[in-house]
Amino acid sequence: FIACSLNAQDLGNFGSSKTKKVGPKTIAVPYTDVVSYLGYAAKDTEDEVKDGKKFYYLYIWIPAVTNELGVRMISPAGNSKLKKAIESKDYLDNKGSDDYFDTYITLEKSNILSKDDISDEGVANAEWRVLAKNDDSGEMPKNPGGKKYNSLLRYESKVGDPLDALTVGLYRVGFTTYKTGEVTGTFLAQVGSPVKLPGVGIAKTIEDLLKQINE
């Protein structure tokens, strides 16, 4: 892999599905709340193999009802200068790595609706529903290989449908590569919402997530 000179600030604002006119231009209205997570995916440390692909998960506690969630992921993370980004230990140990992967992401909702039900056992037995997925997004910057292989998705709540509505509860972002193979490299994942989500949490493990949301 070639060295990465990509900076996280090249991503620009994380815009929602709503737009507004600014002079002659139509722009996406930025999400009010954006949580950033810096991580590292190591070879053979996947959480699950689905359809022959090695999947990794980031668990997310959504503490309030929202009308939309956006997720975007870029690899490698680059020389991130984001304020208040959650930096995992794996990221800190490997942030000098030039490895990256072709991101493919999913947004999944569980049937866990209370913080009290979050545990390793509870998550292992939870039902998960895929709400949205994305492979390559033209809105995202190119990777160091010059390809637009980074990912972005937006999901609008289905009001009145308990299964597909964005209610309070435990969610996760699944990530892998488009092609079957190893997932190795640093990454930046961001979750955005049009409304403030006080007490939102995002972590690679349930233990770390509980620490965040119970502080």
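For the structure itself, consult the block above.
What you see is a predicted model, and the numbers here were worked out from it, not measured in a lab. Within each chain, residues carry numbers counting from 1 in the order of the written sequence. Local features in a predicted model are, by the rule used here, given only for residues with pLDDT of at least 70; side-chain atom pairs are given and counted only at 80 or more, and totals for whole chains, interfaces and linings are based on all residues. The basis for the side-chain values is all heavy atoms of the structure; hydrogens and waters are excluded.

**Q** Run through the overall build of the protein chain, naming residues and quoting values.
**A** A run of H or I in DSSP counts as a helix once it spans at least four residues, and a run of E counts as a strand once it spans at least two, with each numbered from the N terminus. Along the protein chain, the regular secondary structure elements total 3 helices and 13 strands. For the protein chain, the C-alpha atoms occupy an extent of roughly 50 × 45 × 35 Å along the three principal directions. Looking at the protein chain as a whole, 47% of its 215 residues qualify as buried. Throughout, the Shrake-Rupley method with a 1.4 Å probe supplies accessible areas, and for residues the shown protein chains are the sole cover considered. Here the protein chain has roughly 10,800 Å² of accessible surface; of this, 49% comes from carbon and sulfur atoms. Positive and negative side-chain charges of the protein chain, numbering 28 and 30 respectively, have mean locations separated by a distance of 9 Å. For each residue, the accessible area found with a 1.4 Å probe, counting protein chains only, is set against the maximum for its type, and the residue is called buried under 20%, exposed over 50%, and partly exposed in between. The charge count includes Lys and Arg as positive and Asp and Glu as negative, but it does not include His or the ends of the chains. To locate a charge, take NZ of a lysine, CZ of an arginine, CG of an aspartate or CD of a glutamate.

**Q** So what's going on with the nonpolar core? Residues and values would help.
**A** The nonpolar side chains of a soluble globular protein tend to be buried, and buried together. Among buried residues, the Ala, Val, Leu, Ile, Met, Phe, Trp, Tyr and Cys ones that are joined through side-chain atoms within 4.5 Å form a nonpolar core. Membership of the largest hydrophobic core comes to 27 residues, with the highest contact counts inside it found for Leu58, Phe175 and Phe187. Breaking this core down by element, the ones donating at least two residues are strand 3 (33-41), strand 5 (53-62), strand 6 (68-74), strand 8 (103-110), strand 9 (128-134), strand 10 (151-156), strand 11 (169-177) and strand 12 (185-193). Residues within four places of Phe175 in sequence aside, it is in contact with Ala41, Lys54, Phe55, Tyr56, Tyr57, Leu58, Met73, Phe101, Tyr104, Ile105 and Phe187. Within the second largest apolar cluster, 14 residues are counted, among which are Phe55, Tyr59, Trp61 and Leu209. The contact rule is simple, with two residues in contact once any of their heavy atoms fall within 4.5 Å.

**Q** Explain the packing of aromatic side chains residue by residue, including any values.
**A** Planes of paired rings set the category: under 30 degrees apart is stacked, over 60 is edge-to-face and the rest tilted, where pairs are Phe, Tyr or Trp rings (Trp by its six-membered ring) whose centres lie within 6.5 Å. A full pass over the atoms with the stated rule returns 9 aromatic pairs. Ring centres 6.2 Å apart and planes at 25 degrees place the aromatic pair Tyr37 and Phe187 in the stacked group. Here Phe187 lies in strand 12 and Tyr37 lies in strand 3, a separation of 150 residues in the sequence. Like Phe187, Tyr37 is buried.

**Q** An account of unusual backbone geometry is needed here, citing residue identities and associated values.
**A** The omega torsion across Ser75 and Pro76 is 0 degrees, close enough to zero to call that bond cis. Relative to the helices and strands, Pro76 resides in the loop between strand 6 and strand 7 (86-87). Even without a glycine there, the phi angle at Asp44 is positive, about 65 degrees. Relative to the helices and strands, Asp44 is located in the loop between strand 3 and strand 4 (48-50).

**Q** Describe the pattern of salt bridges, listing the residues and the values that go with them.
**A** Salt bridge criterion: a side-chain nitrogen from Lys or Arg within 4 Å of a carboxyl oxygen from Asp or Glu. By the definition in use, this model includes 10 salt bridges. We note a salt bridge from Glu156 to Lys18, for which the minimum N-O separation is 3.7 Å. Here the residue Glu156 occupies a position in strand 10, and Lys18 occupies one in strand 1 (residues 15-22), the gap between them amounting to 138 residues. Taking the relative accessible area as the measure of exposure, Glu156 reaches 40% and is therefore partly exposed.

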